[in-house]
Amino acid sequence: MLKKTNLVKGNPKIMKRLAIAAVIVVLLALGSLLAVRRVYNDSLKPVSNSQKYATVTIPLGSSLEDITNLLEQNSLIRSGWALQRYARNQDVQDKFKAGTYLLKPSQSIQEIVDVLTQGKVETNEFTIVPGERIAEVRADLINQGYDEATVDEALNPNTYRDHPVLADMPSE
């Protein structure tokens, strides 16, 4: 009869190689985990420091994937998967509210998720400070995210010349 020998137990070279291989596998797994965590954390950061608003409309019934695609298309987030992971970690994936929102690329994913889950929709409020010149009002409107051509058209006095409210206005 042949004796069974355990090659692994009896051979210190094989044991050493297996130990080294196990350490390498553990180090690679740990390194991969740290790399994924870093990429995730970087993806949560704002896209830029731009303060220019973008108007985003989330339709009723939009899924989390639909919302992340919309935000990516508007260059408001770095990564859709990071927003989805963040929303699931915070247990808010089903709490996004439909509506029209003003968002900035300088907002982090956390800030954007807060706005979208609390329903802080765009209100279109704008205050014209008494004494402001028309050029200052124009600049303020453009800084609020309104299109330059639309602002110029809205501030053109010829647009309102025949308006009933201005019927008693003296002619120039």
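Visitor: Explain the packing of helix H2 (residues 12-43) against helix H4 (residues 80-89) residue by residue, including any values.
Guide: Relative orientation of the contacting elements H2 and H4 amounts to 95°, with a least axis distance of 9 Å. When the axis of H2 is compared with that of H4, the two are roughly perpendicular. Side by side, H2 and H4 meet where Val39, Tyr40 and Ser43 of the first sit next to Trp81, Ala82, Arg85, Tyr86 and Asn89 of the second. Across the contact of H2 with H4, the residue classes tally to five nonpolar, two polar and one charged.

Visitor: Got a sec to walk through helix H6 (residues 134-143)? Specific residues and values, please.
Guide: Of the residues making up H6, those classed as buried are Val137, Leu141 and Ile142. Taken end-on, H6 shows its buried residues confined to a sector of 135°, consistent with a single buried face. The secondary structure elements touched by the buried residues of H6 are helix H7 (148-154). Residue glycine 145 follows H6 closely and has a positive phi angle near 105°.

Visitor: How would you explain the pairing of strand E2 (residues 99-103) if you had to name every residue and give the values?
Guide: Taking every second residue as pointing to the same face, the buried face of E2 carries Gly99, Tyr101 and Leu103, while none of Thr100 and Leu102 on the other face is buried. Direction of pairing for strand E1 (residues 54-58) relative to E2: antiparallel, over a ladder of five bridges. For threonine 57, the partnering residue across the bridge sits in E2 and is threonine 100.

Visitor: An account of the nonpolar core is requested, with residue identities and associated values reported.
Guide: Grouped together as the largest cluster of nonpolar side chains are 23 residues, with contacts concentrated most on Leu71, Leu83, Phe96, Leu103, Ile109 and Leu116. Mapped by element, the contributors of at least two residues to this core are E1, helix H3 (64-73), H4, E2 and helix H5 (109-118). With five residues, H5 is the largest single contributor of residues to this core.

Visitor: How would you sum up the side chain of serine 106? Please name residues and give values.
Guide: As for its placement among the helices and strands, serine 106 is situated in the loop between E2 and H5. A relative accessible area of 18% places serine 106 in the buried class. Separated by 3.2 Å, the side chain of serine 106 and the backbone oxygen of serine 50 make a polar contact. Discounting residues that sit within four places of it in the chain, serine 106 has contacts with Pro46, Ser48, Asn49, Ser50, Gln51 and Glu111.

Each value, and the rule that gives it
- Residues numbered from 1 in each chain as written.
- Predicted model: local features only at pLDDT ≥ 70, side-chain atom pairs only at ≥ 80, totals over all residues.
- Heavy atoms only, no water.
- Axes fitted to C-alpha atoms, helices over the stretch in contact; angles between N-to-C directions.
- Helix = DSSP H or I, 4+ residues; strand = E, 2+ residues; numbered from the N terminus.
- Parallel < 35°, antiparallel > 145°, perpendicular 65-115°, else oblique.
- Contact = heavy atoms within 4.5 Å.
- Nonpolar A, V, L, I, M, F, W, Y, C, P; charged D, E, K, R; others polar.
- Buried < 20%, exposed > 50% of the residue type's maximum accessible area, 1.4 Å probe, protein only.
- Arc of directions from axis to C-beta.
- Pairing = 2+ DSSP bridges.
- Core = buried A, V, L, I, M, F, W, Y, C linked by side-chain atoms within 4.5 Å.
- Polar contact = N/O pair within 3.5 Å; in protein donor to acceptor, adjacent residues only side chain to side chain.

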